[in-house]
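Here is how the chains run, residue by residue.
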Amino acid sequence: MKNYLKVFLLFVSILLEYGGLNAQGVKVTGAITDATSGETLPGVTVVLRGSTSTGTISDASGNYSITLPDNTGAVLQFSLLGFQTQSVAVQGKNIVNVRLEQDVQSLSEVVVVAYGTAKKATLTTAQIGVSEKQIQETVNTTIEQAIQGRAAGVYITQNSGQPGGAISVNIRGVNSINGSNEPLYVIDGVQIKGASDASQGGNNPLSGLNPSDIADMQILQGPSASALYGSAATNGVILITTKRGREGDLKIDYGYLLTQQEPPKSLPVMNLQQYAQMQYEYKGDDNTPVQFLDPSLLGPGTDWQSELFKRSAMYKHSLSLGGGSEKLTYYLSGEYLNQDGVAEGSGFKRYGIRLNLDNKAYDWLTVGVNMSYNL
């Protein structure tokens with residue numbers, strides 16, 4: 001009888017263990033490797049598609065283990081920075097090995113650096129880029145406005161309400177107590193120092209550059225910034241590359257911009273009669289001589305906010321020509337900008353012309369000329 005009881009209890013424990021395993025789900029394991037080199041990939045994120053709580057990460061050897069509620073219709077998603085995300089159907093398997101393909105599209109882009117050009121994949125320093133397309137998305141009077149809001153860690157401060165006035169540019173991590181925080185600007189290889197008195201609302205030496213002529217901007221900081229420019233690049237460098245002609249037929253671009261600028265919202269203030277009444281009551285209490293003996297004789301006075309601020313227009317004409325042959329390419333542009341300020345007596349006008357020529361004299365020698373004039 002005792003032997004039968006032992007067999008019965010063993011049978012019950014097996015059933016309970018089998019049921020517990022079913023309740024825990026199905027375990028799926030596998031190895032993750034690089035499809036190009038065949039090396040194992042640690043740190044790969046493995047998640048059950050459609051679930052927010054079922055997931056794991058591959059270990060140092062590229063192996064993973066995940067428990068799924070069901071392995072019949074489950075789909076696992078594998079992702080790792082620098083590799084293409086891959087989804088694999090389990091299809092009832094308990095072992096699923098995966099080979100991830102490298103994502104080289106973003107790493108093959110060429111960017112401008114202080115000492116020439118380099119691929120993003122080989123770039124070892126922090127660098128922020130602003131493309132021509134990003135610049136054209138908004139209305140920009142000066143190049144600092146083209147950077148504002150598009151480059152992380154770059155802070156733009158408007159120091160003057162005057163259109164075309166000085167703007168302070170500060171790259172994160174750079175700060176000087178006594179000196180200027182302005183970066184060094186390099187336009188097609190020509191160095192231009194930012195306004196040293198920008199914080200006092202001085203002139204903007206870069207206001208003459210037409211943002212429509214910019215093909216690319218790169219913001220550098222650290223060793224890559226000072227590699228070529230030395231101590232002048234202590235506060236960082238903003239590399240600006242203007243547009244150049246391309247081999248082919250003549251291409252003509254014309255742009256016209258018209259926008260209306262709204263004045264600031266008027267502040268509620270007293271008119272002349274209300275101000276006179278206030279002065280009469282305030283000074284009359286202590287028998288101090290008052291300036292306004294009878295405020296009721298006064299009118300409302302002048303609303304100086306309405307007189308000073310007004311709606312104003314800004315319009316811009318731009319024309320560019322580009323093209324060339326196998327040996328000679330050219331880019332010619334002209335611009336007229338007229339920005340009336342919302343404050344009476346303020347405004348900004350710019351006349352500019354630019355010519356970029358490139359002559360391929362030999363296979364090993366290219367001669368370029370950059371000329372610009374603005375008023």
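Heads up: these notes are all about the structure in this document. (Residues numbered from 1 in each chain as written. Predicted model: local features only at pLDDT ≥ 70, side-chain atom pairs only at ≥ 80, totals over all residues. Heavy atoms only, no water.)

Once that is clear, we can look at the pairing of strand β20 (residues 347-362). Examined bridge by bridge, strand β19 (residues 328-340) and β20 share 13 bridges and lie antiparallel to one another. Following the sheet pairing, Thr329 is matched in β20 by Asp358. From the end of β19 to the start of β20, which pair antiparallel, there are six residues, and Gly345 there has a positive phi angle of about 90°. Strand direction decides the pairing type here: β20 and strand β21 (residues 365-374), joined by ten bridges, are antiparallel. Bridge pairing in β21 places Tyr362 opposite Leu365. Counting the residues that bridge the hairpin from β20 to β21 gives two residues. (Pairing = 2+ DSSP bridges. Helix = DSSP H or I, 4+ residues; strand = E, 2+ residues; numbered from the N terminus.)

As a further point, take the nonpolar core. One broad trend across soluble globular proteins is that nonpolar side chains are buried collectively. Met217 and Ile240 are the most contacted members of the largest nonpolar core, which has 20 residues in total. Non-local contacts of Met217, meaning those with residues more than four positions away in its chain, are made with Ile128, Gly129, Val130, Ile135, Ile143, Ala146, Ile147, Leu239 and Ile240. (Core = buried A, V, L, I, M, F, W, Y, C linked by side-chain atoms within 4.5 Å. Buried < 20%, exposed > 50% of the residue type's maximum accessible area, 1.4 Å probe, protein only. Contact = heavy atoms within 4.5 Å.)

With respect to topology, five strands assemble into an open sheet ordered β17-β18-β19-β20-β21, the strand pairing being antiparallel. Of all the strands in the sheet, the pair left with one neighbour each is β17 (248-261) and β21. Across this sheet, the average inter-strand angle for adjacent strands is 5°, counted without regard to direction. (Axes fitted to C-alpha atoms, helices over the stretch in contact; angles between N-to-C directions.)

Backbone phi values are negative for most residues with the exception of glycine, while trans is the configuration of most peptide bonds. Even without being glycine, Gln91 reaches a positive phi, approximately 55°. For Gln91, the location among the structural elements is in the loop between β6 (86-89) and β7 (98-100). The exposed category is assigned to Gln91, whose relative accessible area is 57%. One non-glycine residue, Asp188, lies in positive phi territory at about 50°. Residue classification places Asp188 among the partly exposed positions, given a relative accessible area of 22%.

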